[in-house]
Amino acid sequence: MTDLAAPQKVGVQEPAHGISFNEALVVWIRVAILSFGGPAGQIAVMHRILVEEKNWISEARFLHALNYCMLLPGPEAQQLATYIGWLLHRTVGGIVAGGLFILPGVFAIMGLSYIYAAYGNVGLVEALFFGLKAAVLAIVIQAVVRIGKRALRNPIMVSLAAIAFVAIFFYGAPFPLIIVAAGIIGFVGARLGRPEFAALEHGGKNSAVIDSMLGEAVPDHVRPNTSRTLRVAAVWLALWLVPVFALLIALGPNDVFSQIAIFFSKMAMVTFGGAYAVLAYVAQQAADYYHWVTPREMLDGLGMAETTPGPLIMVVQFVGFMAAFREASGLPPMLAGTLGGLLATWVTFAPCFLWIFVGAPYIEALRGNKALAGALSAITAAVVGVILNLSIWFALHTLFRQTFPVNGFGLSFDAPVPGSIDLPAVVLSIAAATAIFRFKAGMLVVLGASCITGILLRLVGVI
């Protein structure tokens, strides 16, 4: 096999594994349409289709690719699709698989953003998002519990999670700093041989290995090649960063488009631990620092991302849309919002392709590296504390109509005004949590039922 980045003419020929590009295209469209349920659901869909149904990739190779993607910043499910598409059909295969994975969400979030910007203050629309917020709060709490059970295996991991929560919630510590500190602690702990930092096991059946059509040999285009790596890195860095610098030069650093480009480019480099972890950082920066959206609007955007196909981090498109919509820079607001949303999406996902196409051949050699596994284990533990911060932040702005800032002695956080408690929101959130934890209801069922309940509450005059 030859890579499309190589300086040679690529002939029209069937790949050695026998899977045609058109056949793969149909499957990637199917994966994209079914990509609901957050990363766990999306990875399960890919495993069912690619490993169990199509037998395109072995269990071992699938889990190896997943482990690598979990080491990277960005949405691991989208990067896993990119990785497998790249294995099958080189660079074009990776672009198609990864691009199709986010395309349905791009259209869905954009359409919902138009409706939200135009009709967000209409009673029934407000009622729908009222119900959505309660369900989202329950879903985020479920994420804390699910990841916590897996990651907090010993007192050291529990301590890392607790320290991360206190640092980010009460002291406003930067999310990237928490991730870097946890990674260093885990790396050093693993190098010292501490068993607490051993690698996390995935839930897959590692013994049930399905023979891959790729075979067990490493394809030629996956082997490390320094000159090819430099070319690929140059191309994808240019695609990612040239628009950012062009906006800075043309509009200046204080323009909303420049701010969107810079902020989400920085976010793309620190999105370890999944979408729920980085959303705490995005929500607090977008609402409290840039004032692009209010906390309640951030919840609405998360609700949109939860109910549409694609990565949960697609909420950045809604944030970019609302930011540019409100600071249109002389453009029609809807056009500005469209450009802002697409810009946020581009600078968030372009690096994902860079990490795969540049890093995969080299990272495969680190598969059994214990120090790297220890760093990932510690980061995952700290992420539990970060997601707990996100759930409490959401709860404050869902269950209370007013909050007030607390500052002093190094502290910096929002506290609720007790008299502003929203009883219908409390009751609906408890009902959503009961459905998820007690009755094991699916995410889409809970989201749909909560939205319908919100509309009914508005029709009877309760909200």
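For the structure itself, look to the data block above.
About the thresholds
- All residue numbers refer to position in the chain's written sequence, counted from 1.
- Residues qualify for local features only when their pLDDT is at least 70, as the model is predicted, and side-chain atom pairs are given and counted only at 80 or more; totals for whole chains, interfaces and linings, by contrast, use all residues.
- Side-chain metrics rest on all non-hydrogen atoms present in the structure, leaving aside hydrogens and water.
- Under the scheme used here, helices are H or I runs from DSSP no shorter than 4 residues and strands are E runs no shorter than 2 residues, and both carry numbers assigned from the N terminus.
- The rule is simple: take the accessible area with a 1.4 Å probe, protein chains only, and divide by the maximum for that residue type; under 20% is buried, over 50% is exposed, in between is partly exposed.
- Only heavy atoms matter for contacts: two residues are in contact if any of them lie within 4.5 Å across the pair.
- Under the convention used here, a 1.4 Å probe and the Shrake-Rupley method define accessible areas, while residue burial counts only the protein chains that appear.
- Salt bridge, as used here: a side-chain nitrogen of Lys or Arg that lies within 4 Å of a carboxyl oxygen of Asp or Glu.
- Geometry of aromatic contacts follows a simple scheme: Phe, Tyr and Trp rings, the Trp one being its six-membered ring, pair when their centres are within 6.5 Å, and the pair is stacked under 30 degrees between planes, edge-to-face over 60, tilted otherwise.
- A ring is considered to have a charge above it if a Lys NZ or an Arg CZ atom is located within 6 Å of its centre and within 35 degrees of its normal.
- Throughout this description, the term nonpolar core refers to a set of buried Ala, Val, Leu, Ile, Met, Phe, Trp, Tyr and Cys residues connected via side-chain atoms within 4.5 Å.
- Strands were regarded as paired on the criterion that DSSP finds at least two bridges between them.
- Throughout, an axis means a line fitted to C-alpha atoms (over the contacting stretch in the case of helices), and angles, computed between N-to-C directions, take values from 0 to 180 degrees.
- Here the angle decides the label: under 35 degrees means roughly parallel, over 145 means roughly antiparallel, 65 to 115 means roughly perpendicular, and every other value means oblique.
- By definition, turning the near helix anticlockwise from the far helix through less than a right angle yields a left-handed crossing, and turning it clockwise yields a right-handed one.
- Charged means Asp, Glu, Lys or Arg here, nonpolar means Ala, Val, Leu, Ile, Met, Phe, Trp, Tyr, Cys or Pro, and polar covers whatever is left, Gly included.
- Candidate patch residues must exceed 30% relative accessible area and have no salt bridge, after which like charges are joined if within 9 Å and Val, Leu, Ile, Met, Phe, Trp or Tyr side chains if within 5 Å.
- For a helix, the expected span equals 1.5 Å multiplied by the number of residues minus one.

Moving on, we get to the overall build of the protein. A tally of regular secondary structure across the protein gives 16 helices and two strands. Within the protein, the fraction of its 463 residues that count as buried is 54%. Across the protein, every contact between residues at least 6 apart in sequence was considered, and the portion connecting residues at least 24 apart equals 75%. As displayed, the protein offers around 19,800 Å² of accessible surface, 68% of which is attributable to carbon and sulfur atoms.

With that settled, consider the pattern of salt bridges. Using the criterion set out here, one finds five salt bridges in the structure. The partner of Arg30 in a salt bridge is Glu53, with the nearest N and O atoms 2.7 Å apart. Taken together, the positions of Arg30 in helix α1 (residues 21–33) and Glu53 in helix α2 (residues 38–53) put the pair 23 residues apart, joining distant regions of the chain. Looking at Glu53, the relative accessible area reads 42%, which means it is partly exposed. Where Lys133 meets Asp300, a salt bridge forms, and the shortest distance between an N and an O atom there is 3.7 Å.

Let's shift gears to the packing of aromatic side chains. Enumeration over the complete set of coordinates arrives at 19 aromatic pairs. For the ring pair Phe263 and Tyr290, a centre distance of 5.4 Å and an interplane angle of 65 degrees mean the geometry is edge-to-face. Here Phe263, found in helix α9 (residues 256–268), pairs with Tyr290, found in the loop between α10 (275–289) and α11 (295–307); they are 27 residues apart in sequence, far enough to count as distant. Just as Phe263 is buried, Tyr290 falls in that class too. With centroids separated by 6.1 Å and ring planes inclined at 10 degrees, the aromatic side chains of Phe321 and Phe325 adopt a geometry described as stacked. Placement of both Phe321 and Phe325 in helix α12 (residues 315–326) is noted, with a separation of four residues, approximately one turn of the helix. A relative accessible area of 21% means that Phe325 is categorised as partly exposed. One aromatic cluster is present, built from ring pairs that chain together Phe263, Phe264, Tyr289, Tyr290 and Trp292. For the cation-ring pair, Arg438 lies above Phe439, with the distance from its terminal atom to the ring centre recorded as 5.3 Å.

Take unusual backbone geometry next. Here the phi dihedral of His291 falls at roughly 60 degrees; this positive angle occurs in a residue that is not glycine. Within the secondary structure, His291 sits in the loop between α10 and α11.

The nonpolar side chains of a soluble globular protein tend to be buried, and buried together. Trp28, Met46, Phe264 and Trp292 are the most contacted members of the largest nonpolar core, which has 140 residues in total. If one sorts the elements of this core by residue count, helix α4 (residues 76–119) sits on top with 18 residues. In this structure, Met46 is in contact with Trp28, Val31, Val51, Phe62, Ala77, Leu80, Ala81 and Phe101, ignoring residues within four places of it in sequence. Within the second largest apolar cluster, six residues are counted, among which are Met157, Leu160, Ala378 and Ala381.

Attention now moves to the pairing of strand β1 (residues 403–408). Alignment of β1 against strand β2 (residues 411–416), held across six bridges, turns out to be antiparallel. Across the sheet, residue Val406 finds its bridge partner in β2, namely Phe413. Turn length for the β1-β2 hairpin, with the two strands adjacent in sequence and antiparallel, is two residues, and the turn residue Phe409 shows positive phi of about 55 degrees.

Our next topic: the packing of helix α5 (residues 123–151) against helix α15 (residues 423–437). Direction vectors running N to C along α5 and α15 enclose 45 degrees, while the axes themselves pass 8 Å from each other. When the interaxial angle is binned, α5 and α15 end up oblique. Considering how the two elements wind past one another, α5 and α15 form a crossing that is right-handed. Taken together, the residues of α15 that come into contact with α5 (itself represented by Phe130, Gly131, Ala134, Ala135, Leu137, Ala138, Ile139, Ile141, Gln142 and Val145) are Pro424, Ala425, Leu428, Ser429, Ala432, Ala433, Ile436 and Phe437. Residues belonging to the contact of α5 with α15 are distributed by class as follows: 15 nonpolar, three polar and no charged.

With their axes 7 Å apart at the nearest point, helix α6 (residues 155–170) and helix α14 (residues 370–399) run at an angle of 45 degrees to one another. Considering their axes alone, α6 and α14 lie oblique with respect to each other. Crossing angle aside, the handedness with which α6 passes α14 is right-handed. Taken together, the residues of α14 that come into contact with α6 (itself represented by Met157, Leu160, Ala161, Ala164, Phe165, Ile168 and Phe169) are Ser377, Ala378, Ala381, Ala382, Val384, Gly385, Val386, Leu388, Asn389, Ile392 and Leu396.

Residues Leu124, Ile452, Leu456, Leu459, Val460 and Val462 make up a contiguous nonpolar surface patch of about 600 Å² in total accessible area. For the nonpolar patch, the leading source of residues is helix α16 (residues 443–459), giving three residues. Structurally, Ile452 is set in helix α16.

With 15 residues, α15 extends 21 Å between its outermost C-alpha atoms, agreeing within 8% with the 21 Å of an ideal straight helix rising 1.5 Å per residue. Residues of α15 that are buried: Pro424, Ala425, Val426, Leu428, Ser429, Ala432, Ala435 and Ile436. Of the surrounding secondary structure, the elements contacted by the buried residues of α15 are α5, α14 and α16.

Our focus in this paragraph is the environment of Leu459. By the element assignment, Leu459 lies in helix α16. In the structure, Leu459 is positioned 332 residues away from Ala127 in sequence and 8.9 Å away in space, judged by C-alpha atoms.

Quick look at the side chain of Lys133 now. Along the chain, Lys133 turns up in helix α5. In this view, Lys133 contacts Arg296, Leu299, Asp300 and Thr398; residues no more than four positions away in its chain are not counted.

This part takes up the environment of Ile463. When you line up the elements, Ile463 lands in the segment after α16. Ile463 sits 337 residues away from Glu126 along the chain, and the two C-alpha atoms are 9.7 Å apart. Once residues within four sequence positions are removed from consideration, Ile463 is found in contact with Ala127, Phe130, Pro424, Gly454, Leu457 and Arg458.

All right, on to the environment of Thr345 then. By the secondary structure assignment, Thr345 is in helix α13 (residues 333–363). In sequence terms Thr345 and Ala261 are 84 residues apart; their C-alpha atoms lie 9.5 Å from each other.

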